[in-house]
Amino acid sequence: MINFTATYTDQYQLAMAQVYFKSSQKADRAVFDYFFRKLPFQGGYAIFAGLDHLLEILEDLRFSNEDLEFLKKQHFDRDFIAFLKDFRFRGKIRSVKEGDVVFPNRPVLQVEANIIEAQLVETIILNLLNFQTLIATKASRINLVARGNLLIDFGLRRAQGPGGYLASRAAVIGGVSATSNVVAGKDFDISVSGTMAHSFIQSFDDELTAFKCFAQERPQDCVLLVDTYNTLESGMPNAIAVAKEMEERGDKLMAVRLDSGDLAYLAKKTRRLLDDAGLDYVKIAASNQLDEYVIKSILEQEGPIDIFGVGTNLVTGGPDGALDGVYKLAWSGGKPRIKISESITKTTLPHRKQVFRIKDSHGKCIGADAIGLYNETHIDTMYHPFEITKKMVLKGFEQEPLMETVMENGKKLIAKQSLTKIAEYSKQRLSELPIEYKRFDNPHLYKIGISEALRNERDKLIRESKRSL
Ligand SMILES: Nc1ncnc2c1ncn2[C@@H]1O[C@H](COP(=O)(O)OP(=O)(O)OP(=O)(O)O)[C@@H](O)[C@H]1O
Ligand SMILES: O=P(O)(O)OC[C@H]1O[C@H](OP(=O)(O)OP(=O)(O)O)[C@H](O)[C@@H]1O
Ligand SMILES: O=C(O)c1cccnc1
């Protein structure tokens, strides 16, 4: 839907790229790490999302003629603009698999490319991965408490503008099964579904006629909204009457939707009314400012709800507005690079790197990832990145390398996967994560360590930079 061209970037990327272009750095190769520093929702994990979509966009990324005309007006150099005419991303990308569980302060994706190319794609990478990872994580939290009940994304109207388009994609990775968002359904092959609005019922002189007309037109997936006037006194008796008429025509009412009031209480009453009317196959859907906490609570109250329609809190990532993912230089001009910070926690890790998931001898994740240099195939001891006395001996543990090459010379190496497949993978990876990292209150802290070789390289660069001050 959105036509991404290479101007989907921040101005400073172009300003820096022009300097590289006109200097001896023009042909330099650079390596950048994508990672985030803080888990969203005060949770214990995040779900990585956006990769396949990003790679497809990077494969085709270029400046259009209008883009180049616009840049002329922005005081960019003519030779640089001529160079941008043939700009393509021809780099290499190594990444964790889309849908995997990921943690702060360790590379999730690494870009290795000509420095101009690597710089120009920073913004689009951060924009697509930060947002989709945030929303997939939110969806996954909702899915964790939904006990297998169906989740539908109702969020487009409340999303931050067109962000709703990508939110619908990411929500599926986190475990949402369908969306009301028709364009996302079309573009990303997501099952599209929906019910009806209060305005539809209001537009008729009576609720029963509204229900009847809808059921006539849409018998295959009819869901009646029962709370416009009075759920138990009006909506439910009318819905039951229409369900009975549908039965006479050989159709079946799919569900009723509750959208206000005490959803657990009303669902119990509604279930009883349906069952007493011999309509035990009719499902109960609920919506109204749902999130993982409300759904958990409703199910703990044994509210018999089968379908949850979640909007605002899902697609905006409420209450967190953004994932703080960053893109930091780790190598360029043939040398490792480091960003020193007042706070050691913000000092970056130099070099190309690999990340290993540490597992016990039964293949069970123990709650730790270790970062090594790219050519390390095994890490004997992992060190706390900042507290020098803390270390963990990894002898006897399985070490699963997480970063694989997914793009080479600007061409995607991995086959396109359906969102359902990515969601299945995500579910499997989440099931490997011990439960203490998944609880909402004070989840266990997942350990991130670095190898001795990486620590030595980092500390050497810190010493060198101090000496040169
Ligand atoms: N049984 C329940 N347990 C916990 N939370 C619930 C339960 N039922 C509803 N909620 C949540 O409580 C909030 C109720 O919001 P609100 O006060 O706006 O109610 P409402 O019924 O929508 O009111 P109104 O009729 O004015 O629209 C919603 O977020 C809803 O999801
Ligand atoms: O509460 P959310 O999680 O964001 O879920 C989406 C909400 O959007 C709709 O309400 P809206 O008032 O926009 O339209 P309606 O008249 O069809 O209810 C729907 O009925 C839900 O209540
Ligand atoms: O189909 C629905 O019921 C729906 C769609 C969007 C928002 N709220 C509800």
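Since the structure is predicted, the reported quantities are computational estimates derived from the model, not experimental observations. (Residues numbered from 1 in each chain as written. Chains lettered and ligands numbered in written order. Predicted model: local features only at pLDDT ≥ 70, side-chain atom pairs only at ≥ 80, totals over all residues. Heavy atoms only, no water.)

Participant: A description of the overall build of the protein should follow, citing residues and the corresponding values.
Facilitator: Across its full length, the protein carries 16 helices and 22 strands. For the protein, the spread of C-alpha atoms along the three principal axes comes to 80 × 60 × 35 Å. Classification of the 469 residues of the protein by burial places 54% in the buried group. Long-range contacts, defined as pairs at least 24 residues apart, comprise 74% of the intrachain contacts of the protein with a sequence gap of at least 6. Approximately 21,300 Å² of the protein is accessible, and the part contributed by carbon and sulfur atoms is 50%. (Helix = DSSP H or I, 4+ residues; strand = E, 2+ residues; numbered from the N terminus. Buried < 20%, exposed > 50% of the residue type's maximum accessible area, 1.4 Å probe, protein only. Contact = heavy atoms within 4.5 Å. Areas by Shrake-Rupley, 256 points an atom, 1.4 Å probe, with all protein chains shown as cover.)

Participant: Outline the UniProt feature "domain: Nicotinate phosphoribosyltransferase N-terminal" (unreviewed entry) in the protein, listing residues and values.
Facilitator: What UniProt calls "domain: Nicotinate phosphoribosyltransferase N-terminal" (unreviewed entry) maps, in this numbering, to residues 9-130. Taken as a whole, residues 9-130 contains 44% helix and 17% strand, while its terminal C-alpha atoms sit 15 Å from one another. (UniProt positions renumbered as here; feature names shortened; annotations may be inferred.)

Participant: Any chance you could break down the pairing of strand β12 (residues 307-310) for me, citing the residues and the numbers?
Facilitator: Neither face of β12 is left uncovered, since the one carrying I307 and G309 and the one carrying F308 and V310 both have all their residues buried. In terms of strand pairing, strand β11 (residues 283-286) meets β12 through two bridges, oriented parallel. Residue pairing across strands places A286 opposite F308, the latter belonging to β12. As for the winding sense of the linkage, the β-α-β connection from β11 through helix α13 (residues 292-300) to β12 is right-handed. (Pairing = 2+ DSSP bridges. Right-handed = clockwise from strand over helix to strand, strands pointing away.)

Participant: Run through the site of ligand 3, naming residues and quoting values.
Facilitator: As a matter of local geometry, ligand 3 sits amid F154, R157, S180, G194, T195 and R257. Note that an oxygen atom of ligand 3 is positioned 2.4 Å from one of the side-chain N or O atoms of T195. The separation between an oxygen atom of ligand 3 and a polar side-chain atom of R257 is 3.3 Å. In the complex, the protein chains occlude 81% of the 260 Å² of accessible area that ligand 3 would expose alone. More than half of the atoms belonging to ligand 3 lie within 2 Å of the grid points that define the second largest pocket. For the shell around ligand 3, the class distribution of residues is one nonpolar, three polar and two charged. (Near = heavy atom within 4 Å. Polar contact = N/O pair within 3.5 Å; in protein donor to acceptor, adjacent residues only side chain to side chain. 1 Å grid on protein atoms, 1.4 Å probe; cavity = no way out; pocket = protein on both sides within 12 Å on 5 of 7 lines; lining within 4 Å. Sits in = over half its atoms within 2 Å of the grid points. Nonpolar A, V, L, I, M, F, W, Y, C, P; charged D, E, K, R; others polar.)

Participant: Would you mind going over the pattern of salt bridges in detail, with residue names and values included?
Facilitator: Applying the stated criterion to the full structure yields 32 salt bridges. We note a salt bridge from E404 to K97, for which the minimum N-O separation is 3.6 Å. Remark: K97 occurs in the loop between β3 (92-95) and β4 (101-102) and E404 occurs in strand β20 (residues 404-408); sequence separation between them is 307 residues. Exposure remark for K97: the relative accessible area of 38% places this residue in the partly exposed category. Salt-bridge contacts for R429 lead to D100; the nearest nitrogen and oxygen are separated by 2.8 Å. Within this pair, whereas R429 is found in helix α15 (residues 419-432), its partner D100 is found in the loop between β3 and β4, the two being separated by 329 residues in sequence. (Salt bridge = Lys/Arg side-chain N within 4 Å of Asp/Glu carboxyl O.)

Participant: Now, about the packing of aromatic side chains: what can you tell me, with residues and values included?
Facilitator: Per the counting criterion, the structure on display carries 13 aromatic pairs. Over the ring of Y281 we find K252; its NZ or CZ atom is 4.7 Å from the centre of that ring. Over the face of the ring belonging to Y383 we find R455, whose NZ or CZ atom lies 4.0 Å from the ring centre. (Phe/Tyr/Trp six-rings, centres within 6.5 Å; stacked < 30°, edge-to-face > 60°. Lys NZ or Arg CZ within 6 Å of the ring centre and 35° of its normal.)

Participant: Lay out the sheet that holds strand β14 (residues 335-336) in plain terms, naming residues and giving numbers.
Facilitator: One open sheet accounts for seven strands, arranged β14-β13-β1-β5-β3-β20-β21; its pairing is antiparallel. The sheet is open, and its two edges are formed by β14 and β21 (411-412), each paired on a single side. Relative to strand β13 (residues 326-332), strand β1 (residues 29-35) runs antiparallel, the two being bridged by six bridges. Within β13, the residue paired with V31 across the bridge is W331.

Participant: Tell me what's going on with the UniProt feature "domain: Nicotinate phosphoribosyltransferase C-terminal" (unreviewed entry) in the protein, and back it up with residues and numbers.
Facilitator: Here, UniProt's "domain: Nicotinate phosphoribosyltransferase C-terminal" (unreviewed entry) annotation points to residues 352-456. Helix makes up 18% of residues 352-456 and strand 35%, and the two end C-alpha atoms of the span are 14 Å apart.

Participant: Describe helix α1 (residues 11-22), and please don't skip the residues or the numbers.
Facilitator: Its twelve residues give α1 an end-to-end C-alpha distance of 17 Å, which sits within 8% of 16 Å, the value for a rise of 1.5 Å per residue. Among the residues of α1, Q13, L14, A17, Q18, Y20 and F21 are the ones counted as buried. In an axial view of α1, the angular spread of the buried residues amounts to 160°, which keeps them on one side of the axis. Exposed residues pointing more than 90 degrees away from the buried face of α1 are listed as Q11, V19 and K22. (Expected span 1.5 Å × (residues − 1). Arc of directions from axis to C-beta.)

Participant: Any details on the environment of Q13? Residues and values, ideally.
Facilitator: Inspection of the secondary structure assignment puts Q13 in helix α1. Spatially, the C-alpha atom of Q13 lies 18 Å from that of R337, the residues being 324 residues apart in sequence. Excluding residues that lie within four positions of it along the chain, Q13 makes contacts with Q119, L120, E122 and T123. Here the side chain of Q13 touches E122 through a polar contact of 3.4 Å, side chain to side chain.

Participant: Just give me the short version of the environment of R458, but keep the residues and values in it.
Facilitator: Within the fold, R458 resides in helix α16 (residues 452-467). For the pair R458 and I340, spaced 118 residues apart in sequence, the C-alpha separation works out to 10.0 Å. When sequence neighbours within four positions are dropped, the list of residues in contact with R458 reads I338, T348, L349, P350, P385, F386 and I450.

Participant: How would you sum up empty space enclosed by the protein? Please name residues and give values.
Facilitator: Over the atoms a probe the size of a water molecule is rolled, and this reveals where empty space is left. Under the defined criterion, the tally for this structure stands at two cavities of 30 Å³ or more. In this structure, the largest cavity encloses a volume near 180 Å³. What lines the largest cavity is a set of 15 residues, among which F35, N105, T347, T348 and L349 lie closest to the centre. Looking at side-chain class alone, the lining of the largest cavity contains five nonpolar, four polar and six charged residues. One number sums up the size of the second largest cavity: a volume of about 40 Å³. In terms of lining residues, the second largest cavity is bounded by V101, R357, K359, C365, R429, E432 and L433. Taken together, the elements giving at least two residues each to the lining of the second largest cavity come down to β15 (353-359) and α15. In terms of residue class, the lining of the second largest cavity is made up of three nonpolar, no polar and four charged. (Points joined across faces, edges and corners; volume = space filled by probe spheres on them.)

Participant: How would you summarise the site of ligand 1 if you had to cite specific residues and measurements?
Facilitator: Inspection of the region around ligand 1 gives S260, G261, D262, L263, A264, N288, Q289, L290, V294, S297, I298 and Q301 as its neighbouring residues. Within the backbone of L263, an N or O atom sits 2.9 Å from a nitrogen atom of ligand 1. A264 is positioned with one of its backbone polar atoms (N or O) 3.5 Å from a nitrogen atom of ligand 1. When ligand 1 is considered free in solution it has 650 Å² of accessible area, and contact with the protein chains removes 52% of it. When residues of the shell around ligand 1 are traced back to their parent elements, those giving at least two are α12 (263-276) and α13. Considering every element that reaches the shell around ligand 1, the biggest residue donor is α13, with three residues. Its residues placed into classes, the shell around ligand 1 shows five nonpolar, six polar and one charged.

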